[in-house]
Structure formats: structure tokens, C-alpha cells
Amino acid sequence: MTNTTVEPDEATRLRNKVVDELCADGNISSPEIEEVMRKVPRHEFTPADTPLDKAYDTYAAVITKTDEHGVQLSSVSAPQIQAMMLEQAQVKPGMRVLEIGSGGLNAAYLAELVGEDGEVVTVDIDPVVTDLARQLLNEHGYGRVHVVTADAAEPIPDLGEVDVVMVTAGAWDVSPAWTAQLKQGGRLVVPLRMRGLTRSVAFIQVTGEHGPYLESESARICGFVPMQGSTAHREELLLVNGTPEIGLKFDDGLPADPHRLDNAVTFPRHELWTGVTVRIQELIDTLQMAMAISLPGFCTMAVDENSDSGLVAPVNKRFALAAVEDDTFAYLVTRRTEDNKHLEYGVHALGPHAEQFADKIADVLRDWEANRRGGPSPVIRVYPAGTPDDQIPADRVIDKVHSRVSLSWPSA
């Protein structure tokens with residue numbers, strides 16, 4: 001289905017190198033996905049001025065559009081992310097697939113996977129994006145992919161039911177249109193943001209005692225350009241009073257009385273090392289989720305480097321796991337262990353109850369180490385907004401506009 005022009009030998013070599021790496025690291029496990037990612041010329045779906053080595057960077061996206069402030073509006077996802085989500089989607093020949101967030105490349109992969117008897121509809125809110133996707137798909141032999149310009153949070157007219165809905169833009173909420181267009185037992189793959197943490201979640205639609213809901217089959221760390229349109233959602237920023245440098249970002253609304261933090265930075269910083277260590281390259285996705293589930297005031301912290309006075313000292317000034325409790329806030333830090341192969345977690349806290357709050361966060365980390373480390377991610381379920389609490393099994397419920405998202409640790 002791809003074009004018949006002769007590709008540069010270097011592009012073919014780099015594409016095969018990317019796929020070899022993804023097979024080796026486990027992101028590709030099925031021969032069908034390996035085949036399509038070797039076949040489709042990724043570089044021809046990136047901007048014309050993209051160097052080949054950038055187009056074929058296994059773990060990096062190619063940004064295709066930004067706004068006047070430099071905010072990323074669209075991108076070609078990293079090969080690693082595309083492979084991961086295609087594996088989660090489990091697309092088979094003859095299926096009907098709705099892709100939300102267009103660009104052309106992923107639609108080409110999907111068209112290869114569904115074959116001549118299947119159907120792919122790709123939708124984007126930006127006509128510039130869809131015009132280019134249409135052009136690229138036509139040029140490379142994928143003219144039967146249906147390209148639609150629309151806000152995909154709303155129902156797509158005449159679409160009917162689909163086997164898979166695959167969302168390739170960061171979503172804060174789950175639109176009712178996605179589940180309404182999904183067949184019973186169908187699959188929704190979506191980069192869903194929960195309490196500031198984004199996971200690519202593969203959901204299965206199931207019918208419970210009180211009606212249909214979504215239940216996760218897998219959840220993987222990822223990052224995506226945020227969704228535009230009616231379901232767009234931005235985090236709320238709380239600038240800690242008394243200093244211009246510390247910003248706390250909340251995904252589900254600010255604390256009830258944020259002014260209680262006004263004097264927090266006037267207290268000396270309390271530092272506590274937890275004894276919890278991780279390997280340098282160890283994934284900490286379940287640690288992040290443990291904090292998000294266990295701490296009601298969970299948030300992330302960023303520090304303005306131009307105003308940085310040293311009041312706080314996160315390892316990453318752009319993103320640190322943090323939490324607020326009444327008049328005190330705290331954040332995680334790490335330091336290398338003596339063997340230089342591990343990182344130990346610590347807690348820095350500021351406010352009148354810094355010591356007590358640091359102890360509480362340390363207890364969350366130690367509980368993770370004892371009971372969650374190396375285990376499965378929480379089960380994520382999505383219910384319609386308005387579902388009563390007694391119908392939602394959860395360790396933490398996150399209320400959104402159209403849905404209620406529950407997070408529950410699986411039984412040991």
C-alpha cells in the first residue's frame with residue numbers, strides 16, 4: 001500500500017534499526033505491528049525539513065505545530081509510543097477503527113492492520129492538520145482512510161459503531177461520544193490524564209449490574225500534546241505566596257482554601273530521607289500512582305529558574321511530585337546511594353506541620369515499597385458522570401465533567 005518510489009537506503013536502515021530496538025525492549029511483541037512499522041516510511045509523514053535521524057529517533061516525537069507562545073499543538077508521536085499504543089489497541093483485519101488526533105502516519109499503520117476489508121476514520125479539530133493528513137495518505141496509497149475535520153469529543157455523523165477508538169492526543173476526560181460509538185466489548189486506547197499523571201490506558205467496555213463502564217486492561221506511562229476543543233482542560237496553578245518562584249499545579253481543582261499556604265515558606269525547610277531506593281533506570285509509574293491515590297492534596301511542583309532563590313531544591317525544577325495538606329506543602333527529592341547505582345527518595349516539607357506531613361508522605365513511599373513495587377498498576381475504571389458512589393469500587397475517585405474515574409489497587 002505504500003508508494004513505489006525508491007526510498008533512501010539510510011531511511012530504510014534507520015527505520016529497521018528503530019523497529020529492532022522496539023522489539024528488543026518489548027514495545028513491539030506482535031509480528032503484525034513489526035511488519036507495518038518496517039513498511040510505512042515514517043520520515044515521509046514528518047515535516048520536510050526534519051533530519052532523518054530526528055524522524056527515526058526511537059523515543060522522541062517530532063513536533064509539527066506550535067502556537068505563538070511555543071506551546072506544542074501537534075506532533076508525530078515517538079515510534080516507541082506508537083508501537084506501545086498499537087499493541088494496546090489489538091487491531092485485527094476487518095475491524096473498524098476511529099482515530100482521534102490525526103497526522104497521517106498512525107492512520108497508515110492502522111490501515112495496514114485492518115486490511116482491505118477494514119475501515120479507518122481519522123479525525124482532527126485542526127483543518128491544517130487534516131488537509132496535510134489527507135495529502136500524505138493519498139500520496140502513499142492510503143486513500144481509503146476517511147479523514148474528517150471535527151471536534152471528536154462530539155459524535156461523528158454517520159460513523160456507526162467501531163471496534164476500536166484510538167485517541168492520539170492527551171485527554172483529561174473521556175467523552176461520552178467515544179463510548180457511544182464503541183461496540184459492546186470494544187476497546188478504547190487513550191492517553192488519559194489523572195491527577196496530573198498521564199497513562200496510555202487500554203480500556204475494555206463492559207456491562208455491569210448498573211450499566212456499561214470502561215475497565216483498564218493495561219496502563220503505560222506516556223506524554224502527549226493536550227487535546228483541543230470542548231474537552232480541553234488545563235491544570236490550575238497556585239503560586240505560593242511570599243515568593244514568585246514556586247508553582248504548584250493541580251489537575252482537579254485548587255485546595256479549598258489555598259491561602260492557608262501563605263506563610264509556608266517562612267518556616268525552615270524540613271528534610272527527611274526515607275530509606276526507599278530504586279535502580280537508576282527503574283520505572284516508578286506505580287510509585288507516582290501510589291502518591292496520587294493516597295494523598296488528597298497531590299499535585300506537581302515547578303520552580304521558575306529565573307527567580308530561584310533556593311527556598312526549594314527539587315531535582316527537576318520543571319516537574320516534581322508534590323502534595324499539600326492545609327498549611328503545609330512537600331515534594332519528593334532523590335540522591336545517589338553510595339554504590340552510585342540507586343537513588344534514595346527523600347521528602348522536603350515547608351510549613352508549620354512540615355515534620356508530620358513529611359512523615360506521612362514517607363509512609364506512602366514505604367507502603368509502596370512493601371506492597372506495590374514491581375506489582376500491577378491500579379485498575380482504572382471510567383463511569384458516567386453522576387454514577388453514585390456506592391456503585392464505584394475505588395481507592396480514589398476523580399470527578400471530571402463527563403465521567404468519574406476510579407483508581408483501585410488490585411487484590412494481592
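Before reading further, recall that the structure is shown in the block above.
Each value, and the rule that gives it
- Residues numbered from 1 in each chain as written.
- Predicted model: local features only at pLDDT ≥ 70, side-chain atom pairs only at ≥ 80, totals over all residues.
- Heavy atoms only, no water.
- Salt bridge = Lys/Arg side-chain N within 4 Å of Asp/Glu carboxyl O.
- Helix = DSSP H or I, 4+ residues; strand = E, 2+ residues; numbered from the N terminus.
- Buried < 20%, exposed > 50% of the residue type's maximum accessible area, 1.4 Å probe, protein only.
- Pairing = 2+ DSSP bridges.
- Axes fitted to C-alpha atoms, helices over the stretch in contact; angles between N-to-C directions.
- Contact = heavy atoms within 4.5 Å.
- Parallel < 35°, antiparallel > 145°, perpendicular 65-115°, else oblique.
- Left-handed = near helix turned anticlockwise from the far one by under 90°.
- Nonpolar A, V, L, I, M, F, W, Y, C, P; charged D, E, K, R; others polar.

Focus on the pattern of salt bridges
(1) Moving on: Scanning the model with the defined rule gives 23 salt bridges in all.
(2) Moving on: Here D251 ties to R193 by a salt bridge, and the two come within 2.8 Å at their closest N and O atoms. With a gap of 58 residues between them, D251 in the loop between β11 (246-250) and β12 (270-279) and R193 in strand β7 (residues 182-194) connect regions that are remote in the sequence.
(3) Moving on: Using a relative accessible area of 4% as the deciding quantity, one classes D251 as buried.
(4) Moving on: With relative accessibility at 13%, the residue R193 sits in the buried group.
(5) Moving on: The salt bridge partner of K317 is D308, with a shortest N-O separation of 2.7 Å.
(6) Moving on: Using a relative accessible area of 24% as the deciding quantity, one classes K317 as partly exposed.
(7) Moving on: Taken together, the shared-partner salt bridges connect R279, E282, E369 and R373 into one network.

A word on the sheet that holds strand β8 (residues 197-208)
(1) Moving on: Overall, mixed pairing links the ten strands, which are arranged β5-β4-β3-β6-β7-β8-β9-β17-β19-β18 in an open sheet. In the strand order of this sheet, the two ends are held by β5 (146-149) and β18 (396-399), each with one partner. Going across the sheet, the axis of each strand differs from the next one's by a mean of 20 degrees, ignoring polarity.
(2) Moving on: Of the pairings in the sheet, the one linking strand β6 (residues 162-167) to β7 comprises four bridges and is parallel in character. Its bridge partner lying in β7, V162 is registered against L182.
(3) Moving on: Relative to the sheet, helix α6 (residues 127-139) contacts β4 (119-124) and β5, its axis offset from that of β5 by approximately 170 degrees.

Observations regarding helix α5 (residues 105-114)
(1) Moving on: Taken across its ten residues, α5 has ten buried, putting it largely inside the fold.
(2) Moving on: Within the sequence span of α5, burial applies to L105, N106, A107, A108, Y109, L110, A111, E112, L113 and V114.
(3) Moving on: Just past α5, the residue G115 takes up positive phi, approximately 75 degrees.

Observations regarding the packing of helix α1 (residues 9-24) against helix α2 (residues 31-39)
Geometry of a packed helix pair, given as the angle between the helix axes and the separation of the axes.
(1) Moving on: With their axes 9 Å apart at the nearest point, α1 and α2 run at an angle of 160 degrees to one another. Taken together, the axes of α1 and α2 are roughly antiparallel relative to one another. Regarding α1 and α2, the two cross each other, and that crossing is right-handed. Taking contact as the criterion, the partners of R15, N16, V19, D20, L22 and C23 in α1 are, on α2, E34, M37, R38 and K39.
(2) Moving on: Of the residues assigned to the contact of α1 with α2, the class counts are four nonpolar, one polar and five charged.

Re the environment of V190
(1) Moving on: One can find V190 in strand β7.
(2) Moving on: For V190, a relative accessible area of 0% gives the class buried.
(3) Moving on: The spatial distance from the C-alpha of V190 to the C-alpha of S175 is 11 Å, given a sequence separation of 15 residues.
(4) Moving on: With sequence-adjacent residues up to four places away left out, V190 is seen in contact with V167, A171, W178, R199, S200, V201 and F203.

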